[in-house]
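Analysis of the macromolecular model
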Amino acid sequence: MPLPDVTQTYRDPHRYPKGISFLDDQYVPMDQAKVSVLDYGFLHSDATYDVVHVWQGAFFRLDLHLDRFFAGLEKLHMAIPYNRDEVIEILQNCVALSGHRDAYVELICTRGNSPDFSRDPRDAINRFMAFAIPFGSVANKAQMKRGLHLAISDRVRIPSSSVDPSIKNYHWLDLVQGLYDAYEKGAETTLLLNDHGNIAEGPGFNVFAVKDGLVATPDSGVLAGITRQTVFDLCAELGIACEATQISRDELVAADEIFISSTAGGVMPVTRLNHSVVGDGLLGPIYRQVHQLYWDKHNDPVWALPINYS
Ligand code: PLP
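Every value quoted in this text rests on a predicted model; they were computed, and no experiment measured them. (Residues numbered from 1 in each chain as written. Predicted model: local features only at pLDDT ≥ 70, side-chain atom pairs only at ≥ 80, totals over all residues. Heavy atoms only, no water.)

Thoughts on the nonpolar core
As a reminder, the rule being used: What we call a nonpolar core is a set of buried Ala, Val, Leu, Ile, Met, Phe, Trp, Tyr and Cys residues that are connected through their side-chain atoms within 4.5 Å. Only protein chains enter the calculation, and the probe is 1.4 Å; a residue is then buried if its accessible area is under 20% of its type maximum, exposed if over 50%, and partly exposed in between. Each helix corresponds to a stretch of at least 4 residues labelled H or I by DSSP, and each strand to a stretch of at least 2 residues labelled E; elements are numbered beginning at the N terminus. In what follows, a contact means two residues having at least one pair of non-hydrogen atoms within 4.5 Å.
Judged by nonpolar contacts, the single largest core of 39 residues is most densely connected at Leu150, Ile199, Val215, Leu252, Ile258, Phe259 and Ile260. Only strand S7 (148–156), strand S8 (189–193), strand S9 (206–211), strand S10 (214–218), helix H6 (226–238), strand S12 (257–262), strand S13 (266–273) and helix H8 (285–296) provide two or more residues apiece to this core. For this core, the element with the most residues is H8, which contributes six residues. Those residues in contact with Leu150 that sit more than four places away from it in its chain are Ala187, Thr189, Leu191, Phe205, Ile260, Val270, Arg272, Leu273 and Asn274. Within the second largest apolar cluster, 31 residues are counted, among which are Phe69, Tyr82, Val105 and Ile307.

Notes on the pairing of strand S6 (residues 125–134)
Where we set the bar: Strand pairing requires that DSSP identify at least two bridges connecting the strands.
Counting buried residues along S6, seven of its 10 residues qualify, which places the element largely inside the surrounding structure. Bridge count for strand S1 (residues 20–23) against S6 is four bridges, and the pairing is antiparallel. Note that in S6 the partner of Leu23 across the bridge is Met129.

Considerations on a nonpolar patch on the surface
Where we set the bar: Candidates for patches are residues over 30% relative accessible area with no salt bridge; among them, like charges are joined within 9 Å and nonpolar side chains (Val, Leu, Ile, Met, Phe, Trp, Tyr) within 5 Å. In these tables, accessible area is a Shrake-Rupley quantity obtained with a 1.4 Å probe, and a residue counts as shielded only by the protein chains included in the view. A carboxyl oxygen of Asp or Glu within 4 Å of a side-chain nitrogen of Lys or Arg is what we treat as a salt bridge.
Taken together, the side chains of Val37, Leu38, Phe42, Leu43 and Phe117 define a hydrophobic patch exposed on the protein surface, amounting to about 480 Å² of accessible area. Within the fold, Leu43 resides in helix H1 (residues 40–43).

Comments concerning the domain arrangement of the chain
Defined as follows: Here the bounds of each domain stem from an automatic or database domain assignment. Accessible surface is computed with a 1.4 Å probe, and the buried area is the amount of it that two parts give up when combined, taken over both parts together.
Each domain of the chain was delimited in the assignment, giving domain 1 (20–134) and domain 2 (141–298). Inter-centroid distance (C-alpha atoms) of domain 1 to domain 2 is 26 Å. Tallying the contact residues gives 20 residues for domain 1 and 21 residues for domain 2. Overall, the association of domain 1 and domain 2 removes approximately 1900 Å² of surface from exposure, summing both partners, and the carbon and sulfur fraction of that is 63%. Of all residues in domain 1, Tyr49, Phe60 and Arg68 bury the most surface against domain 2, accounting for 35% of the area lost on that side. Here domain 1 is connected to domain 2 by one salt bridge. Where Asp233 meets Arg61, a salt bridge forms, and the shortest distance between an N and an O atom there is 2.8 Å. Tallying contributions element by element places strand S3 (residues 47–55) first for the side of domain 1 that touches domain 2, with eight residues.

Some remarks on the sheet that holds strand S15 (residues 304–306)
Strand pairs in the sheet, formed through backbone hydrogen bonds, run parallel or antiparallel to each other. For clarity, the cut-off: To obtain each axis, a line is fitted to C-alpha atoms, and for helices this fit is confined to the stretch in contact; angles are then taken between N-to-C directions over 0 to 180 degrees.
If you walk across this open sheet you meet the seven strands as S2-S1-S6-S5-S3-S4-S15, and the pairing is antiparallel. The sheet is open, and its two edges are formed by strand S2 (26–29) and S15, each paired on a single side. If you compare each strand with its neighbour and ignore which way they point, the axes differ by 25° on average. Relative to strand S5 (residues 103–113), S3 is paired through eight bridges, and the arrangement is antiparallel. Bridge assignment links Val52 to a residue of S5, and that residue is Val105. Against the sheet, helix H2 (residues 62–75) engages S3, strand S4 (58–60), S5, S6 and S15, with an angle of about 175° to S3.

Regarding the packing of H6 against H8
Note the following rule: Angles are sorted into four bins: roughly parallel if under 35 degrees, roughly antiparallel if over 145, roughly perpendicular if 65 to 115, and oblique for all others. Any residue that is not Ala, Val, Leu, Ile, Met, Phe, Trp, Tyr, Cys, Pro, Asp, Glu, Lys or Arg is counted as polar, Gly included; the first ten are nonpolar and the last four charged.
For the pair H6 and H8, the least separation of the axes is 10 Å and the interaxial angle reads 105°. Here H6 lies roughly perpendicular to H8, going by the angle between them. Along the contact surface, H6 presents Thr227, Thr230, Val231, Leu234, Cys235, Glu237 and Leu238, while H8 presents Gln289, Val290, Leu293 and Tyr294. Residues that form the contact of H6 with H8 fall into these classes: seven nonpolar, three polar and one charged.

Some details on the site of the ligand
Rules: Here a residue counts as near a molecule or strand whenever at least one of its heavy atoms sits within 4 Å of it. We call two N or O atoms a polar contact when they sit within 3.5 Å, provided that within protein one can donate a hydrogen and the other can accept it, with sequence-adjacent residues counted only if both atoms are side-chain atoms. Cavities and pockets are found on a 1 Å grid laid over the protein atoms alone: a cavity is a set of points where a 1.4 Å probe fits but cannot escape, a pocket is an open set with protein on both sides within 12 Å along at least five of seven lines, and a lining residue has an atom within 4 Å of such a point. Think of it this way: a molecule belongs to a cavity or pocket when more than half its atoms come within 2 Å of the grid points there.
Not every one of the 17 residues close to the ligand is listed here, only the nearest: Lys168, Glu201, Ile226, Thr227 and Thr263. Here Lys168 contributes a side-chain N or O atom positioned 2.5 Å from an oxygen atom of the ligand. In this structure, Thr227 approaches the ligand through a side-chain N or O atom, which is 2.6 Å from an oxygen atom. Relative to its unbound accessible area of 390 Å², the ligand is 95% covered by the protein chains. Assessed atom by atom at 2 Å from the grid points, the ligand resides in the largest pocket. Counting only elements with at least two residues in the shell around the ligand, the list comes to H6 and S12. Considered class by class, the residues forming the shell around the ligand number five nonpolar, eight polar and four charged.

So, the layout of surface pockets
How we decide: Grid points are joined across faces, edges and corners, and a volume is the space filled by probe spheres set on the points.
Of the voids in this model, the largest pocket is the one considered here, and its volume is about 400 Å³. For the lining of the largest pocket, the secondary structure elements donating two or more residues are S3, H6 and S12. A per-class count over the lining of the largest pocket returns 14 nonpolar, 10 polar and five charged. Considering only enclosed or pocket space, the second largest pocket measures out at about 210 Å³ in volume. If you trace the second largest pocket, you find it lined by Val35, Gly41, Phe42, Ser45, Ala47, Glu106, Ile108, Thr110, Met129 and Tyr170. Counting residues per element, the lining of the second largest pocket draws most heavily on S5, which supplies three residues. Considered class by class, the residues forming the lining of the second largest pocket number six nonpolar, three polar and one charged.

Structural data, given as structure tokens:
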């Protein structure tokens, strides 16, 4: 695979401040990464993807992200010309070439273009691409400090019977419309409902409610987030009970603590829901424990895979 001349780049994270992409077998600076408008990933949202983060020069739980990505490919009848080790090498190269120590790394497979614009998905040539850009978070610095303000939307997240949520996908119109609903209510982000009318998930995150020391997260209509799984693992280690179950709107409103989870930011506090303060309005004790252990685990070689920048 041809590599750009990056002899300076390894020591200069500012050479590619916007990051590096791998597209059509080439590594290119992010602003040169362009996809055909005839790609069905763009025209039909016919794509799957995953996002893993790099923190202080190491991938976090990369294996779980790759398991989910390759499972999604299979469910969508897609194939890429790289095996798992080659994908790891591509992701590594994107990060190393970008120079970023803290990065947001996305891998994508689109249905691709079909030679004669055929509507038969079997005719399309699947396209694999990846990129590494600076680390991004759902919650900004101020929100991490004081907690996010969420509003529960009346919208139902696209049901599992329509689109299998175990395939990480770009069916986001419900989430985006939910965001605008939330802005109208003065909130910062949104939570959509599942097809039982209970809480599902938000744009790019899962949600957790704490009541009387018990942690709960929705068990249906959601992406099985890797950070969500990590919260289960961390709670087990901390001796905190954590379960996946149905959570009604009223139960969420009555929670002592609420937090959200995403590769983009880790575990993040919520201190306002609709027009009410959550619990005492401060970052909760269980959130604090989980948050601390989450970032401590980024130094644990069991979960962290160092990038080779040289
Ligand atoms: N739910 C949705 C709809 C998402 O898009 C995401 C991440 O992008 C999540 C949940 C959180 O998943 P993860 O923890 O794997 O980042």
